[in-house]
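# Understanding the architecture of this molecule
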Amino acid sequence: MKKWFAVIGDPIAHSKSPFMHNTWFHEMGIDATYIPIHVKSEQLEEAVAALKLLGASGWNVTIPHKESIIPLLDDIDPIAQKMGAVNTIVRQNDGSLKGYNTDGAGFVHALEEAVGKNKEKKVLMIGAGGASRGIAFALQQYGYEQIHIANRTVSKAEAIIQELGEGIALSLEQAEKQLDQYGIIIQATSLGLSTGENKLPISLDQLQEGTIVADIVYNPLMTPFLLEAEKRQAKIVTGLGMFIHQGAIAFNHWLGQYPNTEKMMEKLIEQLK
């Protein structure tokens, strides 16, 4: 019987997940399909029930549902539980739904693939949502010890720092003033999406040349944040590597196989340019 998978979010039209997963299915000879489904926050519970009823084998979860979907699941992986965010759902053999978070591991894998291991550098995360939480826990798990989180609402950053058990929470204004202290800066909000606001989360006036600057947004490939950082001679890490690796880890959860990420990187760079 043909399997089917999906991605749910709001917005969803920009997502390259259907192209990526359907390409992998074709390359690997797997009889399956993957579709995008636009789900607003007030429709989430109904959407999860429908996906379950209609026999989806699994699905990805994107903005803004990564945290709010947790109470609707039957089980959750311990790492995702700790992160407080889920981006991958697996339908178990008994029909129950289990949640995982592949964002964090996908980001660290992509970061180290692009610029090597820089665990001694001080890290600034911008944003305190589900993606930021997942990446912060993964960075800590992989040995990055100096993690600071800046957010418009500082209490949200403080909540993540408390759960991490180390690090510093600060306002966006404080982060701007001491930007030259950081060796790695990660833009972990939805700002810069091709469907969203075209502005910077913070000023980069204090950015030092050679700083590693990463963005989790991959469409467009070069966000306003990365373009500004590139002008200031930063080392750029686009969101595409994280997107591909988190998808590959999800694919492995669903089907027990790891797809070709290098070939996919070439295909998506060609598309996004």
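Residues numbered from 1 in each chain as written. Predicted model: local features only at pLDDT ≥ 70, side-chain atom pairs only at ≥ 80, totals over all residues. Heavy atoms only, no water.

## Things to note about the pairing of strand 1 (residues 3-9)
- Within strand 1, 6 of the 7 residues are buried, leaving the element largely enclosed by the surrounding structure.
- With respect to chirality, the unit in which strand 1 leads through helix 1 (residues 17-28) into the neighbouring parallel strand 2 (residues 32-38) is right-handed.
- Pairing analysis gives 4 bridges linking strand 1 to strand 3 (residues 58-61), with the strands arranged parallel. Opposite A6, over in strand 3, you have W59 as the bridge partner. (Buried < 20%, exposed > 50% of the residue type's maximum accessible area, 1.4 Å probe, protein only. Helix = DSSP H or I, 4+ residues; strand = E, 2+ residues; numbered from the N terminus. Right-handed = clockwise from strand over helix to strand, strands pointing away. Pairing = 2+ DSSP bridges.)

## Considerations on the side chain of N151
- As for its placement among the helices and strands, N151 is situated in the loop between strand 8 (147-150) and helix 6 (154-164).
- Among the polar contacts made by the side chain of N151, one reaches the main-chain amide nitrogen of A128 at a distance of 3.2 Å.
- At a separation of 3.0 Å, a polar atom in the side chain of N151 contacts the main-chain carbonyl oxygen of T153.
- Dropping the residues within four chain positions of it, N151 is found in contact with G127, A128, K156, A157, L170, S171 and L172. (Polar contact = N/O pair within 3.5 Å; in protein donor to acceptor, adjacent residues only side chain to side chain. Contact = heavy atoms within 4.5 Å.)

## Some thoughts on the pattern of salt bridges
- What the rule picks out here adds up to 8 salt bridges.
- Here D74 ties to K52 by a salt bridge, and the two come within 3.5 Å at their closest N and O atoms. Residue D74 is found in the loop between strand 3 and strand 4 (75-76), and its partner K52 is found in helix 2 (residues 44-53); the two are separated by 22 residues along the sequence.
- Note that D75 is salt-bridged to K98, the shortest N-O span being 3.9 Å. With a gap of 23 residues between them, D75 in strand 4 and K98 in strand 6 (residues 97-100) connect regions that are remote in the sequence.
- Looking at D75, the relative accessible area reads 37%, which means it is partly exposed.
- Judged by relative accessible area, K98 falls into the buried class, the value being 17%.
- The structure contains a network of salt bridges with shared partners spanning D205, E228, K231 and R232. (Salt bridge = Lys/Arg side-chain N within 4 Å of Asp/Glu carboxyl O.)

## Observations regarding the packing of aromatic side chains
- Within this structure, the stated rule accounts for 6 aromatic pairs.
- Ring geometry for Y34 against W254: centres 6.2 Å apart, planes inclined by 50°, an arrangement best described as tilted. Of this pair, Y34 sits in strand 2 while W254 sits in helix 9 (residues 240-255), and the two are 220 residues apart along the sequence. You'll find Y34 and W254 in the same group, each marked buried.
- Clustering of aromatic rings is evident, with ring pairs tying together F5, W24, F25, Y34, F251 and W254. (Phe/Tyr/Trp six-rings, centres within 6.5 Å; stacked < 30°, edge-to-face > 60°.)

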